[in-house]
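Spelled out, the chains give:
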Amino acid sequence: MGLRDELLKAIWHAFTALDVDKSGKVSKSQLKVLSHNLCTVMKIPHDPVALEEHFRDDDEGPVSNQGYMPYLNRFILDKVQDNFDRMDFNRMCWTLCARKNLNRNHLLISDDDAFKIWCIFNFLSEDKYPLVMVSEEIEYFLRKLTEAMGGSWIEEKFEEYKIQLSSKHQCLNVWELIELVGMGHFSKGMDRQTLSMGINEVFQELILDMLKQGYMMKKGHKRKNWTERWFLLKPNLISYYVSEDLTEKKGDILLDGNCCVESLPDKEGKKCLFYVKCSDKSFEISASDKKKKQEWIQAIQTCITLLKVGRPAPHLEARQKRRELRQKQQAEQEELELRMRELQTANENKQRELEALRKKLEEAAANAAEEEHRRLQTQSELQDLYRVEMEKEKMVRQQMEEQVAQKSSELEQYLQRVRELESMYHRLEEALEEEREARQDEETVRKLQARLLEEEVSKRTELEQVHLYQQQTISETQAEKQELERERLAKESALQSAMQQLQQLEADRQGALEQYEEVMKKLADAANNTKSWKDKVAHHEGLIRLIQPGPKYPQKITNWGPAAFTETELNLREKDWQEKKNRPATPQ
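Residues numbered from 1 in each chain as written. Predicted model: local features only at pLDDT ≥ 70, side-chain atom pairs only at ≥ 80, totals over all residues. Heavy atoms only, no water.

Going by the annotation in an unreviewed UniProt entry, the name recorded for the protein is Switch-associated protein 70, with Sinocyclocheilus rhinocerous given as the source organism. On record in UniProt, under Subunit (unreviewed entry), the comment for the protein is "The SWAP complex consists of NPM1, NCL, PARP1 and SWAP70." (UniProt positions renumbered as here; feature names shortened; annotations may be inferred.)

Structure below.
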């Protein structure tokens with residue numbers, strides 16, 4: 001469905017809502033307001049004179065939808081560009097039609113949920129006016145809504161509902177669909193919040209093209225820090241926001257056929273890593289768990305593959321396939337009906353021919369009554385001919401009945417084949433889903449085995465390093481032991497040398513004591529001599545007294561007594577003792 005077809009559906013709702021008396025026409029004043037609002041919302045320069053010039057005539061009455069379409073195409077739709085907010089456009093059209101047609105009594109949903117169902121209806125409805133949604137699309141929508149609410153789809157319940165739809169030609173308009181969902185016919189047991197969340201999820205997927213969304217961690221390009229962001233995946237880009245309220249957008253990751261997405265090993269304390277590589281830069285992202293990581297990788301890879309081959313989004317492609325299948329079935333049904341009509345026409349022609357023949361026979365019988373004798377033989381021949389024709393007509397009628405029965409049987413067989421093909425298609429989808437899950441499980445086990453092998457190699461490397469460290473430690477311990485042994489021997493040698501020096505010093509001390517005693521003895525003798533001399537001087541000279549000079553510095557006191565050595569001798573002995581002390585000990 002192109003942009004023009006999408007806009008026309010919403011505009012059709014607005015135009016129909018302005019048709020108050022349901023006559024198919026709307027006043028020019030209302031069309032002016034509608035046109036001005038459309039131009040404003042779609043950002044198109046509005047020319048108020050164009051509408052008057054387009055409908056310049058003597059009739060001041062309302063304008064039909066067919067009369068408004070040329071102006072709409074020429075002055076609005078031909079100028080529209082995809083640079084406006086479609087939600088604002090849809091809400092403007094919704095406001096015009098909901099005010100008149102929406103019955104809010106006994107509805108379990110809000111006006112916003114009803115608006116979302118209205119948008120979904122425009123997306124899934126047929127491209128024919130008045131807009132309706134066929135039973136296949138109703139089933140598709142209700143099935144997705146049930147799955148979004150976390151419930152299980154009950155096929156028998158919908159089949160019963162389809163029987164009720166038979167009186168409405170197997171279709172619903174938008175207000176009947178809103179009432180069907182809002183009254184909770186297919187959401188019994190679900191609360192209003194769950195129903196609203198389910199409607200919003202289907203709306204985001206089908207209308208906003210949001211294929212997947214959720215919180216993940218993203219690594220920055222400048223600071224290289226990890227920040228939590230709310231990611232939205234669309235068919236051609238990934239947008240990330242500060243939070244899920246979508247108020248502050250932080251950036252986009254534009255996708256094309258040259259992009260790729262790959263898994264990354266755990267690093268920097270982050271797990272479940274993968275990166276999206278684009279032409280200009282790469283983005284590193286961390287999911288909350290392995291399941292979410294695999295789902296995001298699979299979803300992004302699907303978008304890249306679709307962009308590479310030029311195919312639309314999955315829900316758009318699925319809708320197109322459903323429409324093509326319905327068109328094919330409708331064409332086959334029309335062809336079958338055409339053949340049935342041709343057979344019926346041929347049968348009617350035969351009946352008219354038989355009726356004409358009967359009239360001819362009646363005329364022949366009347367003539368035969370008048371000319372009984374003359375045309376008796378001719379009458380008998382005509383009767384025989386009539387019987388033959390009747391037999392032929394009976395045979396033809398039987399053949400026609402057999403053909404009709406055969407065509408009916410072929411039609412039933414064809415419908416049976418269609419049902420079988422649908423069943424086979426569902427089984428094939430289930431088998432593909434099981435195969436995909438098996439592949440995912442196999443990939444998970446393979447990654448787990450690889451991780452265990454890496455851990456085993458890492459542990460073995462650590463053990464070898466510990467073993468080498470122990471060997472080095474043992475070697476160092478032996479070296480230290482040898483060094484300590486050498487030090488012990490050196491200390492023992494030094495101790496023996498010190499003992500020898502001590503003994504030598506003891507011998508020197510004994511010698512010094514002996515010298516001291518000799519000197520004391522000499523001093524005593526000298527003192528006696530001096531005393532005798534003093535006595536003699538005093539005796540001979542009277543008052544003369546000998547004054548001896550005293551020392552000018554404190555006397556040295558050693559082990560041998562005061563002033564046993566002179567200062568020079570004491571310095572020499574101290575120097576000799578210091579040299580012996582510093583001299584290395586002779587090894588024993």
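There's plenty left to go through after this.
S.K.: Explain the overall build of the protein here, please?
M.R.: A tally of regular secondary structure across the protein gives 14 helices and 13 strands. For 588 residues, the compact-globule estimate of 2.2 N^0.38 gives 25 Å, and the C-alpha radius of gyration of the protein, at 58 Å, exceeds that figure by more than 25%. Here the C-alpha coordinates of the protein stretch approximately 235 × 65 × 45 Å along the principal axes. Residues counted as buried form 28% of the 588 residues belonging to the protein. Counting contacts in the protein only where the partners sit at least 6 residues apart, residues at least 24 apart contribute 61% of the total. Here the protein has roughly 40200 Å² of accessible surface; of this, 52% comes from carbon and sulfur atoms. A gap of 7 Å separates the mean positions of the 93 positive and 106 negative side-chain charges of the protein. (Helix = DSSP H or I, 4+ residues; strand = E, 2+ residues; numbered from the N terminus. Rg over C-alpha atoms; globule rule 2.2 N^0.38 Å. Buried < 20%, exposed > 50% of the residue type's maximum accessible area, 1.4 Å probe, protein only. Contact = heavy atoms within 4.5 Å. Areas by Shrake-Rupley, 256 points an atom, 1.4 Å probe, with all protein chains shown as cover. Lys, Arg positive; Asp, Glu negative; His and termini not counted. Charge placed at Lys NZ, Arg CZ, Asp CG, Glu CD.)

S.K.: Whenever I open this one, the UniProt feature "coiled-coil region" (unreviewed entry) in the protein confuses me. Can you help?
M.R.: Taking the numbering used here, the UniProt-annotated feature "coiled-coil region" (unreviewed entry) corresponds to residues 315–529. With 98% helix and 0% strand, the stretch residues 315–529 has end C-alpha atoms that lie 143 Å from each other.

S.K.: I'm lost on the packing of aromatic side chains in this one. Help?
M.R.: For any pair of aromatic rings, the description rests on two quantities: the centre-to-centre distance and the angle between the ring planes. In the structure shown here, the tally under the stated rule is nine aromatic pairs. Considering the side-chain rings of W12 and Y129, the 5.7 Å spacing of their centres and the 45° angle between planes classify their relative orientation as tilted. Of the two residues, W12 is situated in helix α1 (residues 3–18) and Y129 in the loop between α6 (111–124) and β3 (133–134); the sequence distance between them amounts to 117 residues. Judged by relative accessible area, W12 falls into the buried class, the value being 19%. (Phe/Tyr/Trp six-rings, centres within 6.5 Å; stacked < 30°, edge-to-face > 60°.)

S.K.: Could you clarify how one ought to interpret the pattern of salt bridges in this entry?
M.R.: For side chains bearing opposite charge, pairing can occur when the charged atoms are close. With the rule as written, the count across this model stands at 27 salt bridges. One salt bridge connects K580 with D576, and the closest N-O pair in it is separated by 3.6 Å. Here K580 and its partner D576 are both found in helix α14 (residues 567–582), four residues apart, which amounts to about one turn of the helix. Residue K580 is classed as partly exposed on the basis of its relative accessible area, which comes to 24%. Three or more residues joined by partner-sharing salt bridges are found here, namely R91, D112 and K116. (Salt bridge = Lys/Arg side-chain N within 4 Å of Asp/Glu carboxyl O.)

S.K.: I'm lost on the UniProt feature "domain: EF-hand" (unreviewed entry) in the protein in this one. Help?
M.R.: Those residues carrying the UniProt feature "domain: EF-hand" (unreviewed entry) are residues 6–41 in this numbering. Helix and strand shares over residues 6–41 are 75% and 6% respectively, and the end C-alpha atoms of the span are 15 Å apart.

S.K.: Looking at this model, I keep getting lost on the side chain of N90. Mind explaining?
M.R.: By secondary structure assignment, the location of N90 is in helix α5 (residues 86–101). Discounting chain neighbours no more than four positions away, the residues touching N90 are A10, F115, W118 and C119.

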